[in-house]
Amino acid sequence: MSYITKPKVSHPKMPRNKLGLTARDYEGAVSTLCAGCGHDSITAAIVQAVFELGVEPHMLAKMSGIGCSSKTPAYFVSQSHGFNSVHGRMASVTTGANAANRDLTYIGVSGDGDSLSIGMGQFAHVIRRNLNMCYLIENNGVYGLTKGQYSASADIGSVAKKAAPNRQMPIDPVSTAIGLGATYIARSFSGDKEQLVPLIKGALMHKGFALLDVISPCVTFNDNVGSTKSYAHTREHFHHVIGADFVAPSEEIVASYNEGEAMPVKLHDGSQIVLRKLNQQYDPTSRAAAFSFLRDSINQGEIITGLLYIDQGQGDMHLDAGTVATPLSHLPYDRLRPGPDALASLMNRYR
């Protein structure tokens, strides 16, 4: 597949971040996805999020598997690292990369088919390991790359083009992640950039595994009457549980909240997510309450968006394993390999 490179011409007065870079510096190749695809809106949100955070492009690693969603990393931050793995194996490849170099910022872009079908085991274990990464699911309910078959996230009764209504129970990645112990869980809609950008920023800055499930309609195979992953259905049924904003620690905190109470959540790096509670009874720090609320909302046909759960008391895979602070990829070979005495001691155990 060939990609068309975007022209590098930009307006001289474009805003610049703390690194002196413009948003254009965080773009990638021209998208080859269908016009109107929700995935492209997610790409735009990622570009804005990493630009505003001032992420150094060479310190970002973009990971993906197979599917329309897994094309997305080609479309942002062209000067970063990237790896397009095989179907459903993005989580394992990211685990290996993170084990070798913990200093990089990892964002994995996957799809509902890539994560909830062939990659379901990978998805479960990357949560169990609490890998320090942002895991973003572009959720459209179909296999768009192979002509629109239902995926594991398609709701019962959902109707795709030229198909009978789906009869199988869907897998909800958000509820699954809560049960498996993820420490940052959010859901959004590709058409709601105002909500999506701060959620991505919060996920990237969170220490540990962060899941962001984004409803992203497939305009070719699943954006029709009867589809529960269409633009019309999502806009009619989605419900903001809380409004979220992200405030970087180096900036002056200026905010105005018209509804509910503001609840700051301090992240491990000192940055802060400021939550505005629309429902004052909802507590995003309670795993049990979040799971119960999600199940009740699903039964009512609502699509809950916003920051649904966060746990700041956990570390990540490296903290649990007690690895050295220096990334393994930076250590000299003589420090990585065991010496002759260590090898002899190991072999003596088998004699």
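Quick look at the structure, then. Just so it is clear, the model here is predicted, and its values are computed rather than measured.

### Observations regarding the nonpolar core
Here is step 1: The biggest cluster of nonpolar side chains holds 30 residues, and the ones touching the most others in it are Phe76, Ile107, Tyr184, Ile200 and Leu212.
Here is step 2: Going through the elements one at a time, helix H1 (38-53), strand E3 (105-111), strand E4 (133-139), strand E7 (184-189), helix H6 (193-205), strand E8 (209-215) and strand E13 (303-310) are the ones with two or more residues in this core.
Here is step 3: Broken down by element, the residue count for this core peaks at 8 residues, all from H1.
Here is step 4: Other than its neighbours up to four places away in sequence, Phe76 contacts Tyr26, Glu27, Gly28, Thr43, Ile46, Val47, Leu60, Lys62, Ile107 and Val109.
Here is step 5: Counting residues in hydrophobic clusters, the runner-up holds 29 residues, among them Ala91, Tyr106, Met133 and Met317.

### Quick word on the environment of Met63
Here is step 1: With respect to the helices and strands, the residue Met63 is situated in strand E1 (residues 60-64).
Here is step 2: On the basis of relative accessible area, Met63 is assigned to the buried category, the value being 5%.
Here is step 3: In this structure, the C-alpha to C-alpha distance between Met63 and Ser110, residues 47 residues apart in sequence, is 8.4 Å.
Here is step 4: Once residues within four sequence positions are removed from consideration, Met63 is found in contact with Pro73, Phe83, Met90, Val93, Thr94, Ala97, Tyr106, Ile107, Gly108 and Val109.

### What to know about empty space enclosed by the protein
Here is step 1: Overall, the coordinates contain 1 cavity of 30 Å³ or more when judged by the stated rule.
Here is step 2: Here the largest cavity is characterised by a volume of approximately 30 Å³.
Here is step 3: Considering the residues around the largest cavity, the lining is formed by Ala99, Arg102, His318, Thr323, Val324, Thr326, Pro327 and Leu328.
Here is step 4: Of the residues contributing to the lining of the largest cavity, the split by class is 4 nonpolar, 3 polar and 1 charged.

### Overview of the packing of aromatic side chains
Here is step 1: Enumeration according to the criterion identifies 3 aromatic pairs in this entry.
Here is step 2: Note on Tyr135 and Phe209: the rings are 5.7 Å apart at their centroids and 50 degrees apart in plane angle, and the pair reads as tilted. Of this pair, Tyr135 sits in strand E4 while Phe209 is found in strand E8, placing the two residues 74 residues apart along the sequence. Exposure class is identical for Tyr135 and Phe209. Each is buried.
Here is step 3: One residue, Lys62, lies across the ring of Phe76, its end atom 5.3 Å from the ring centre.

### Some words on the packing of helix H5 (residues 173-180) against helix H8 (residues 287-299)
Here is step 1: As a packed pair, H5 and H8 sit with axes 10 Å apart at the nearest point and diverge in direction by 155 degrees. In terms of their interaxial angle, H5 and H8 are classed as roughly antiparallel. Between H5 and H8 the crossing geometry is left-handed. Every residue of H8 that contacts H5 at Val174, Ser175, Ala177 and Ile178 is listed here: Arg287, Ala290, Phe291, Leu294, Arg295 and Ile298.
Here is step 2: By residue class, the composition of the contact of H5 with H8 is 7 nonpolar, 1 polar and 2 charged.

Calculation criteria
- Residues numbered from 1 in each chain as written.
- Predicted model: local features only at pLDDT ≥ 70, side-chain atom pairs only at ≥ 80, totals over all residues.
- Heavy atoms only, no water.
- Core = buried A, V, L, I, M, F, W, Y, C linked by side-chain atoms within 4.5 Å.
- Buried < 20%, exposed > 50% of the residue type's maximum accessible area, 1.4 Å probe, protein only.
- Helix = DSSP H or I, 4+ residues; strand = E, 2+ residues; numbered from the N terminus.
- Contact = heavy atoms within 4.5 Å.
- 1 Å grid on protein atoms, 1.4 Å probe; cavity = no way out; pocket = protein on both sides within 12 Å on 5 of 7 lines; lining within 4 Å.
- Points joined across faces, edges and corners; volume = space filled by probe spheres on them.
- Nonpolar A, V, L, I, M, F, W, Y, C, P; charged D, E, K, R; others polar.
- Phe/Tyr/Trp six-rings, centres within 6.5 Å; stacked < 30°, edge-to-face > 60°.
- Lys NZ or Arg CZ within 6 Å of the ring centre and 35° of its normal.
- Axes fitted to C-alpha atoms, helices over the stretch in contact; angles between N-to-C directions.
- Parallel < 35°, antiparallel > 145°, perpendicular 65-115°, else oblique.
- Left-handed = near helix turned anticlockwise from the far one by under 90°.

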